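Survey of secondary and tertiary structure
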Amino acid sequence: MTQKKSVIVLLSITLLLGGNLQTAFAQNLDALNEYSVKLAITPDHLESGSGDHNVGYFFVLSKHGVPITSSYDVAVSLNSDDPEIASVPSKIILKANEEFVTFPITVGDETGKTTITATLNGKTTFQKIEVGTDKSYLPDELSLELHIPTDEMHVNSKMPFSVFFKTTDDVLVRAPHDVEIRLEYENRLGSADSESLIIKQGTYYAWGTFYAHEKTGNTFLRAIHDESGLDTAKSIHISSTLPTALKLSVFPKMIPAEIDRTLDIFVTVVDSEGNPTKTPDEIPLEFFSSEQYPIGETLSDYVLSERPVIKKGEFGFLLQEKFSLQNLLENNILIGVTAEGYGTATDTFRTVGTSIEGINNVKRTVNNYVDFGYDVKDYQHTVNVFGLDMIPSNATTFFTYQLSIIEDDEDDDGILPDGRTVEIHPECAEQEDESSGLIDDDEITHNRDLDSDEIILYSVDCLAEDELYPVQAKESQYSDGYVQQINVISSDDELAEITDGGKITSSYSFGTAEISTGQKTGPLTISASVNGVGTGSFETQVVNTLEQKEVRIFSPTGEDSLIFDRDGFFDVFLVALDGSERPKVMKEDGKYLVTPTNGLVEIPKESTFAFAQLRSDTFNVSIEETKVTLTVEPIGEKANLDLEGSKTFVTQPSSQMQVTLPLQKINANHLHNFGVVQLVDLQGNPVIPKFDVKSKITSSEDGVVQVLDDAVIPTGTSYSTFPIKTTGSIGNTMIHASAKGVNGTSSYLNTASSQTQLNIFTGGLSTEVKADEPIEFRLFVDDENAESVPNASLKIVTADDALITPAEVRTSSDGSAVVSLTAFDGPSISFDIIATAEGYAEGKDSFTVNVDAPQQTFDAIDLELPEWIIYIVIGGILMVGVVVFMFLKKSKSQIEEEWEEEEEL
């Protein structure tokens, strides 16, 4: 018995260490009826151009779709439906024991689709192939986009624009062929540089230039794709900095209705947008007024004698003429100006009846006629400043400052500290009893209840709370160091300098300051202070409508979208814009650094934009959207740092690394398996790289298949193959391919055996047996279809704790065999059964039975073996336990269910 146990132990060690790898067997195709053939063209979309592509593959598959080999050479017939597009050899040979045969596909300059057919022993397979792109093919549900950097233009300027297609998912479409886009526009105002654009094959967009002519107004640009019926349009507003109209301003807004009163009447020119500008030619002016006497006549005499004009290169004319207004106490007195070709402009002012003189202890009179005896009141004083809201750079302009008192309605009614009643002008009070003709203290109405815009200003009492009323200086005041000093200040001398602070002449309320603006633009505050009176200020804006205010990054592939190739190249425009967001014609070359690309772009003199193809290695590309911020910085000795700006774009690659497999199911025992990687655009069309493209290829399950070598797609072709190494294991994996600068893709792969797997079942075997008592049970062998397999060989391997006889047996016609089991030790025993049959893949299973007996242990003396052998045996038993865990027994019904599920798949 000891000798027998030793033999059993040695047999077990041999089986455990030797392993049991599946092997591939070549098939006699004449004797094998249930097989199929498979033609694979990988990749099935090739770039056009004369050449041979070894992308055709032919396989023989088992009835379960697993590649098998032939035991002898077989001839395969090939045919192409259209050899002008793709031609193939008429015959190829699948050699004995070869896993597949490859053949070349020859293409030329002809593009299109055709079908390749392969035939073996009456079995036919075919696959379509596309070369280049179909000339009539564009994806469905497209939109045509017209993209412009701005919808504002200046006359005689230009800007770029682009056209492209997008899917409903906002994915740009790469043109499969030259696509013509027809353009329409209103030719009187502007035009494109051509009547159509061509989106070249393999590109994503086309761009052109739109020119604004000499006229102002609204125009449009329309893009049309006649083949699909798609069109889109953009409106463009064209304006000018040339003068198109006059603007008149009268300052101050209130003056006494007295003799020899002067006004500041300032006439300026504005462009089509209402911005101040300069005139390239002299503009003669004519003035008029709603009050012919005395104002209108005085203006007419002035025009005849002085011939007023706005001089060439200037933006305004200041008229200061004296008018006798002693009988003119009115509101909204109109003064107007007109010039041929520039229309008419008007403004108004108003006169006040009470002339207030002095600063303190104000004495009031009404038109020097009657002293109504109204009480003297103490007022707060201030300086009121008037001017234009916008003034041009490099120009001369004027501001008016006026001495004023501040109305306080609470002082109009009530009792003075000395007990006297305060009275107001009767025309400024409202009587409750008009018949009485007398004003009682209780009947005085507060002045804040009156509408000062509509009443005649007989006195300051007619104004509302906190409104200003002019007050006349008792003596002349200057801005050159006299006692009553006037000080006019600019908030920024680089914006504007005070060239003449002006003066307030005795018995007048206002003075006029002359100001000269510089090249700089921006907000400006002009302040005027008068000693003993107060300070006032006015806020204005120095503008240069032709000054460059921005460098705009314009992407031709969308407002916030950048599309770049696998090498990191992308296209952008830099467009110079003025303050009205119109393309700015550069007076000098402008250089700009674009980061993080570190690209230097120059907008040349006399142009408004520049095109640049930039490159950056800093873009991290993934399948998800990636954002990148581009920053533009002006470069040069006199660079305007205010032009620095940035814009954030959503980036997307223009191509992807597509991984394809000729078969989704491969033989786990075949050594020569492969896949293909191809560089394609976002619509799956092949892309020829500018440089060699190194891919990164991985398998999600290295225990099933392994990818040891990464493929390199060489310049001049769109694809390359890579080897796939099988491990002999059956399972599933994902093959993923990626490369820098492109999106990656994955493909599913399954390994299987080419032969039908044998399955082993037991019948009549209890889950527990008694020690040393032989029992008989039956073994069954089925294939994967749950069909019994007769004459299958069964080999039974046990340890020294049990004996099964016979150790080798064959199944009878019903696929079963009877064996006897004797268990020696407990608490359980295990044994392995290996089933083999011709034409089937080997089957193996492990079984465990509980034993009703005290647990036995091994001992070196019982086996009469060296003690180190026992350690090996124990290790082997542990390995068997692992195998038992991995190959748990399945019932026959379970196998049937799994087979049915596989059939459904």
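Residues numbered from 1 in each chain as written. Predicted model: local features only at pLDDT ≥ 70, side-chain atom pairs only at ≥ 80, totals over all residues. Heavy atoms only, no water.

1. Let's talk about the overall build of the chain
Counting its secondary structure elements, the chain contains 5 helices and 74 strands. Every one of the 905 residues in the chain was classed for burial, and the buried ones make up 50%. When contacts within the chain are restricted to residue pairs at least 6 apart in sequence, long-range pairs at least 24 apart make up 65% of them. For the chain, the exposed surface amounts to about 43300 Å²; the carbon and sulfur share of it is 46%. (Helix = DSSP H or I, 4+ residues; strand = E, 2+ residues; numbered from the N terminus. Buried < 20%, exposed > 50% of the residue type's maximum accessible area, 1.4 Å probe, protein only. Contact = heavy atoms within 4.5 Å. Areas by Shrake-Rupley, 256 points an atom, 1.4 Å probe, with all protein chains shown as cover.)

2. Describing the nonpolar core
In this structure, Leu285 and Phe287 are the most contacted members of the largest nonpolar core, which totals 65 residues. Per-element accounting of this core gives the leading share, 5 residues, to strand 35 (residues 396-406). Apart from residues lying up to four places away in sequence, Leu285 is in contact with Leu246, Val267, Val303, Pro308, Val309, Ile310, Phe317, Val337, Thr338 and Ala339. In terms of nonpolar packing, the next biggest core, distinct from the first, is built from 56 residues, Val37, Ala118, Val131 and Ile724 among them. (Core = buried A, V, L, I, M, F, W, Y, C linked by side-chain atoms within 4.5 Å.)

3. A closer look at the environment of Glu773
Structurally, Glu773 can be placed in the loop between strand 66 (768-770) and strand 67 (775-782). Of the residues examined, Glu773 reaches a relative accessible area of 42% and is grouped as partly exposed. With residues up to four places along the chain from it excluded, the contact list for Glu773 reads Leu821 and Thr822.

4. Some remarks on the sheet that holds strand 15 (residues 190-192)
As summarised here, the arrangement of the 4 strands in space is 11-13-17-15, forming an open sheet in which the pairing is antiparallel. With one partner strand each, in any of the chains shown, strand 11 (142-147) and strand 15 form the two edges of the open sheet. Each strand of the sheet is rotated relative to its neighbour by a mean of 25°, with strand direction disregarded. Relative to strand 13 (residues 158-167), strand 11 is paired through 6 bridges, and the arrangement is antiparallel. Paired with Leu146 across the two strands is Val163, which belongs to strand 13. (Pairing = 2+ DSSP bridges. Axes fitted to C-alpha atoms, helices over the stretch in contact; angles between N-to-C directions.)

5. Considering the pattern of salt bridges
All told, the structure shown has 18 salt bridges when counted by the stated rule. Lys166 is paired through a salt bridge with Asp170; the nearest N and O atoms lie 3.4 Å apart. A salt bridge links Arg174 to Asp681, with the shortest nitrogen-to-oxygen separation between them at 2.9 Å. Note that Arg174 is positioned in the loop between strand 13 and strand 14 (179-185) and Asp681 in strand 56 (residues 673-681), a separation of 507 residues in sequence. (Salt bridge = Lys/Arg side-chain N within 4 Å of Asp/Glu carboxyl O.)

6. Here's the deal with the sheet that holds strand 34 (residues 390-392)
Ordered by their spatial adjacency, 4 strands build an open sheet running 34-45-44-40, and the pairing between neighbours is mixed. Edge positions in the sheet fall to strand 34 and strand 40 (486-490), since each of these pairs with one other strand and no more. Geometrically, the sheet is characterised by an average inter-axis angle of 30° between neighbouring strands, direction not taken into account. Where strand 34 meets strand 45 (residues 534-543), 3 bridges bridge the pair, whose relative direction is parallel. Each residue of the ladder has a partner; that of Pro392, found in strand 45, is Val543.

7. Let's talk about a negative patch on the surface
Residues Glu588, Asp589, Glu602 and Glu606 make up a contiguous surface patch of negative charge. Relative to the assigned elements, Glu588 resides in the loop between strand 48 (569-578) and strand 49 (590-595). The exposure class of Glu588 is exposed, given its relative accessible area of 55%. (Patch = residues over 30% accessible without salt bridge, like charges linked within 9 Å, V, L, I, M, F, W, Y side chains within 5 Å. Lys, Arg positive; Asp, Glu negative; His and termini not counted. Charge placed at Lys NZ, Arg CZ, Asp CG, Glu CD.)

8. Some words on the environment of Arg222
Examined against the element boundaries, Arg222 turns out to sit in strand 18 (residues 217-225). Along the backbone, Arg222 and Tyr185 are 37 residues apart, and their C-alpha atoms lie at a distance of 6.3 Å. Apart from the residues lying within four places of it in its own chain, the contact partners of Arg222 are Arg182, Leu183, Glu184, Asp231, Thr232 and Ala233. Side chain to side chain, Arg222 and Asp231 meet in a polar contact 2.5 Å long. (Polar contact = N/O pair within 3.5 Å; in protein donor to acceptor, adjacent residues only side chain to side chain.)

9. Observations regarding the pairing of strand 44 (residues 522-530)
The buried count for strand 44 comes to 7 of 9 residues, which makes it a mostly enclosed element. For strand 40 and strand 44, the ladder comprises 5 bridges, and the chain directions are antiparallel. Across the sheet, residue Val488 finds its bridge partner in strand 44, namely Ala528. Between strand 44 and strand 45, which follow one another and run antiparallel, lie 3 residues, and Gly532 among them has a positive phi close to 85°.

10. What about the side chain of Ser404?
Summarising the element assignment, Ser404 is placed in strand 35. Judged by relative accessible area, which is 1%, Ser404 ranks as buried.

Just distances and angles here, no functional claims.
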